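Letter by letter, the chains look like this.
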Amino acid sequence: MTEHRVHFDATVEFTNGGRLTAEGFRIDLPSPEADAALVGRLFVQHLGLALVRRTDIRNLRVVEEQHRGTRGIETAGAEATAAQTSVPRFVELSHVIREGLVTYQGLPAPVFTPHLTREQSISKYAEGTQFALDLITMIGNTGTYLDSPFHRYEKGADLAGLPLETLVDLPAEVFHLQDSLDRGIPASVFSDRDLAGRAVLLHTGWDRHFGQPAYAHDAPFLTEEGARYLVEQGVLLVGIDSLNLDDAEPTSGGARPAHSELLAAGVHVVEHLTGLAALPPTGSLFTATPPRIERFGTFPVRAFAKLP
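The paragraphs below set out a description of the structure included in this document.

Rules of the game
- Residues numbered from 1 in each chain as written.
- Predicted model: local features only at pLDDT ≥ 70, side-chain atom pairs only at ≥ 80, totals over all residues.
- Heavy atoms only, no water.
- Helix = DSSP H or I, 4+ residues; strand = E, 2+ residues; numbered from the N terminus.
- Buried < 20%, exposed > 50% of the residue type's maximum accessible area, 1.4 Å probe, protein only.
- Contact = heavy atoms within 4.5 Å.
- Polar contact = N/O pair within 3.5 Å; in protein donor to acceptor, adjacent residues only side chain to side chain.
- Pairing = 2+ DSSP bridges.
- Axes fitted to C-alpha atoms, helices over the stretch in contact; angles between N-to-C directions.
- Core = buried A, V, L, I, M, F, W, Y, C linked by side-chain atoms within 4.5 Å.

1. Comments concerning the environment of aspartate 158
At step 1: Relative to the assigned elements, aspartate 158 resides in the loop between α4 (149-152) and β8 (170-176).
At step 2: The class for aspartate 158 is buried, based on a relative accessible area of 14%.
At step 3: In sequence terms aspartate 158 and phenylalanine 296 are 138 residues apart; their C-alpha atoms lie 5.6 Å from each other.
At step 4: When residues no more than four places from it in sequence are discounted, the contact partners of aspartate 158 are Ser148, Phe150, Ile293, Glu294, Arg295 and Phe296.
At step 5: At a separation of 3.1 Å, a polar atom in the side chain of aspartate 158 contacts the main-chain amide nitrogen of alanine 160.

2. Some words on the sheet that holds strand β4 (residues 89-92)
At step 1: If you trace the nine strands from one edge of the open sheet to the other, you get β4-β16-β14-β8-β10-β12-β13-β7-β15, paired in mixed fashion. Every interior strand has two partners, whereas the edge strands, β4 and β15 (298-300), have only one. Direction aside, neighbouring strands of the sheet carry axes that sit 30° apart on average.
At step 2: Both strand β12 (residues 237-240) and strand β13 (residues 268-271) contribute to a ladder of three bridges, which runs parallel. Bridge pairing in β13 places leucine 237 opposite histidine 268.
At step 3: Contacting β7 (145-147), β12 and β13, helix α6 (residues 257-264) runs over the sheet at an angle of about 140° to β13.

3. Considerations on the nonpolar core
At step 1: Grouped together as the largest cluster of nonpolar side chains are 22 residues, with contacts concentrated most on Leu93, Leu146, Leu201, Leu237, Leu273, Leu279 and Phe286.
At step 2: The set of elements that each furnish at least two residues to this core consists of β8, β10 (199-203), β14 (282-289) and β16 (302-307).
At step 3: In this structure, Ile185, Val200, Ala227 and Leu263 belong to the second largest nonpolar core, which totals 21 residues.

4. Overview of the environment of threonine 289
At step 1: As for its position among the elements, threonine 289 is in strand β14.
At step 2: You can call threonine 289 partly exposed: its relative accessible area is 32%.
At step 3: As for threonine 289 and phenylalanine 175, which are separated by 114 residues in sequence, their C-alpha atoms are 22 Å apart.

Function cannot be read off these values alone, since they describe shape.
Below, the structure is given as structure tokens:
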């Protein structure tokens, strides 16, 4: 279903004095039909303003654009989806792992080796029965993968120690940041939502470069203050469709504050996601499960979301 947003300028006057002015503001719309009265009501509702005397909406322009999470609009969208179908729809959020895949420059690519070919298996099984057994040599940081606390901290929980309730069917809050003007994602981006017990997924659009040289340079990342805020809010998992949750440029000096903050608090990290553009801001359920491997901190996952 095509979604719409409205761009506009606004001035709000309050009954007890004072005014609020906004230029180039954008909010979601329930339909492409919008006038100044509707936009004014949605604007006030989204910001949670009280004691409003008058709202002046100017330069109104409706565009086809993905919803970003305006208060009240996502609920209407979820209801419309539920009315259309009761069958869950799954969205793939993982990159395909193939031999020779370069996920992160400087790390080895996976190598596939046959242990038993189908031809070799003919002599081992009944007539007409064949199997193939293969080996894969692969670093844990391949494709779309999950970082457990053990990845950063020796005494942190390893992959075998992660509770399923922190990995499966997590209510997801998706932040669509693909048109952000800054590489670093600040804490202020998250302040309009309740994030406790949820997976926070950062859609930067950087996955469009995956597997190409451009993927390794100037990638978006989560700031230290942003990571600290998410820990304070009680999130269970943070995912991003970029090269690294931290700033991986040489100018960062190798610091990894976002990983350090989140993994110290037991918050899982999923990197190199893809397909987040297909998810609504709220209402989906996120799953990313690695194998149960002891004394191992990072491994590829099959990440996906379930929509209503």
